[in-house]
Amino acid sequence: AGGVKLGVAFLDNPPSTLRNRIIAGMNVWGTHGANIRFTEASLSTAEVRIARGNSGYWSYVGTGILSVRQGATMNLQGFTINTSDAEFKRVLYHETGHSAGCPHEHMRQEIVARLDRAKTIAYFQRTQGWSAQEVQQQGLTPLNERSLLNPGGALPPADHTSIMTYQLPGSITIDGRPIVGGNDINETDFA
């Protein structure tokens, strides 16, 4: 009834202005009824531990953060107070969505079925340096729809504009149309 409260700590002690900006951004998820709140905590008590190392942008998903006893549960590579607002929102909202339990929306069967396997592998190898196995795991293996929760009953169609959807170019889709992805949390994400 009281919602979920998660402590947030930083592994590299960034300036307070950056810590405050990140935590405020994480709390946008709670502004439309998501019933979650993030607060700064000590490293020993924080559920979400943020690094800014050179391993890209990522986060453990949902209660998976609780299985990580040491080290980062989220990485925001190179985030600084000067990171543009658009990039800050796009990345932070997406990774916070993972910490809150949201999987990748682009891994819904409806979207995966639109991807050309060979072109998708080549694209992510070129743009992200991922192996074919990583591409398979991160973009070509559909989620088990039974694992998704929807308090309203039946699952809605995949949301192509969700903050949890990667932006994918038309050059890797079977129909040539892009998956636009999201730059901000939309009402479907909040729901």
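Just above, that's the structure.
Quick summary incoming for the structure in this document. Since we're looking at a predicted model, the values are computed, not measured. (Residues numbered from 1 in each chain as written. Predicted model: local features only at pLDDT ≥ 70, side-chain atom pairs only at ≥ 80, totals over all residues. Heavy atoms only, no water.)

**Section: the packing of aromatic side chains**
What counts is decided by this rule: Geometry of aromatic contacts follows a simple scheme: Phe, Tyr and Trp rings, the Trp one being its six-membered ring, pair when their centres are within 6.5 Å, and the pair is stacked under 30 degrees between planes, edge-to-face over 60, tilted otherwise. Numbered from the N terminus, helices here are DSSP runs of H or I no shorter than four residues, and strands are runs of E no shorter than two. The buried label goes to any residue with under 20% of its type's maximum accessible area, the exposed label to any with over 50%, and the partly exposed label to all in between, with areas taken from a 1.4 Å probe on protein chains only. A ring is scored as having a charge over it whenever the NZ atom of a lysine or the CZ atom of an arginine sits within 6 Å of its centre and within 35 degrees of its normal.
Tallied over the entire structure, the rule returns seven aromatic pairs. The interplanar angle of 70 degrees and the centroid separation of 6.1 Å between the aromatic rings of Trp29 and Phe190 together place this pair among those described as edge-to-face. Taken together, the positions of Trp29 in the loop between α1 (16–26) and β2 (36–40) and Phe190 in helix α6 (residues 187–190) put the pair 161 residues apart, joining distant regions of the chain. Accessibility classification places Trp29 together with Phe190 in one group, the buried group. Through pairs of rings, three or more aromatic residues link up here, namely Tyr123, Phe124, Trp130 and Tyr166. Geometry around Phe88 places Arg21 over its ring, the cationic atom sitting 3.7 Å from the centre.

**Let's talk about the side chain of His106**
For clarity, the threshold we go by: Within 3.5 Å is the distance limit for a polar contact, defined as a pair of N or O atoms, with the added protein rule that one can donate a hydrogen and the other accept it, and that residues adjacent in sequence qualify only through two side-chain atoms. Contacts were defined at the residue level, with two residues in contact if any of their heavy atoms lie within 4.5 Å.
Mapped onto the elements, His106 comes out in the loop between α2 (85–99) and α3 (109–112). At 3.2 Å, the side chain of His106 forms a polar contact with the backbone oxygen of Gln138. In this structure, His106 is in contact with Ile111, Val112, Gln138, Gly139, Met164, Thr165 and Tyr166, ignoring residues within four places of it in sequence.

**Overview of α1**
An α-helix turns once per 3.6 residues; consequently, residues spaced three or four apart project the same way. Three or more residues of α1 are buried, namely Leu18, Arg19, Arg21, Ile22, Ile23, Gly25 and Met26. Close packing links the buried residues of α1 with β1 (4–10), β2, β3 (48–51), β5 (74–76) and α2.

**What to know about unusual backbone geometry**
Phi is positive for Asn13, close to 50 degrees, though the residue is something other than glycine. Note that Asn13 resides in the loop between β1 and α1. The exposed category is assigned to Asn13, whose relative accessible area is 63%. Positive phi, normally seen in glycine, also occurs at Asn35, with a value near 60 degrees. Examined against the element boundaries, Asn35 turns out to sit in the loop between α1 and β2. For Asn35, a relative accessible area of 48% puts it in the partly exposed group.

**Considering the pattern of salt bridges**
Selection criterion: Salt bridges are defined by distance alone: a side-chain nitrogen of Lys or Arg within 4 Å of a carboxyl oxygen of Asp or Glu.
Inspection of the entire model under this criterion finds nine salt bridges. One salt bridge in this structure joins Arg19 and Glu40, with 2.8 Å as the shortest N-O distance. Residue Arg19 is located in helix α1, and its partner Glu40 is located in strand β2; the two are separated by 21 residues in the primary sequence. Judged by its relative accessible area of 41%, Glu40 is partly exposed. Linked by salt bridges that have partners in common, Glu105, Arg108 and Glu145 make up one network.

**Overview of the packing of α1 against α2**
Our working rule: Here the axes come from fitting lines to C-alpha atoms, over the contacting stretch only for helices, and the angles between their N-to-C directions go from 0 to 180 degrees. Note that the term roughly parallel is reserved for angles under 35 degrees, roughly antiparallel for angles over 145, roughly perpendicular for angles of 65 to 115, and oblique for everything else. By definition, any crossing whose near helix is turned counterclockwise from its far helix by less than a right angle is left-handed, and any crossing with a clockwise turn is right-handed. Residue classes follow a fixed rule: Ala, Val, Leu, Ile, Met, Phe, Trp, Tyr, Cys and Pro count as nonpolar, while Asp, Glu, Lys and Arg count as charged, and any other residue, Gly among them, counts as polar.
Between α1 and α2, the least distance of the axes is 9 Å, while the angle of their chain directions is 60 degrees. As judged from the angle between their axes, α1 and α2 are oblique. In this structure, α1 crosses over α2, and the sense of that crossing is right-handed. Residues Leu18, Arg21, Ile22, Gly25 and Met26 of α1 pack against Asp85, Phe88, Leu92, Tyr93 and Thr96 of α2. Per-class residue counts for the contact of α1 with α2 are six nonpolar, two polar and two charged.

**A word on the nonpolar core**
Short version of the rule: In this description, a nonpolar core means a group of buried Ala, Val, Leu, Ile, Met, Phe, Trp, Tyr and Cys residues linked to one another through side-chain atoms lying within 4.5 Å.
The biggest cluster of nonpolar side chains holds 24 residues, and the ones touching the most others in it are Val8, Ile22, Met26, Val48, Ile50 and Leu76. Looking at this core, the elements with two or more residues in it are β1, α1, β2, β3, β5 and α2. With near-sequence residues (within four places) excluded, Ile22 lies in contact with Phe10, Ile50, Leu76, Phe88 and Leu92. Core analysis: the second largest hydrophobic core is formed by 12 residues, Phe124, Val135, Ala158 and Ile179 among them.

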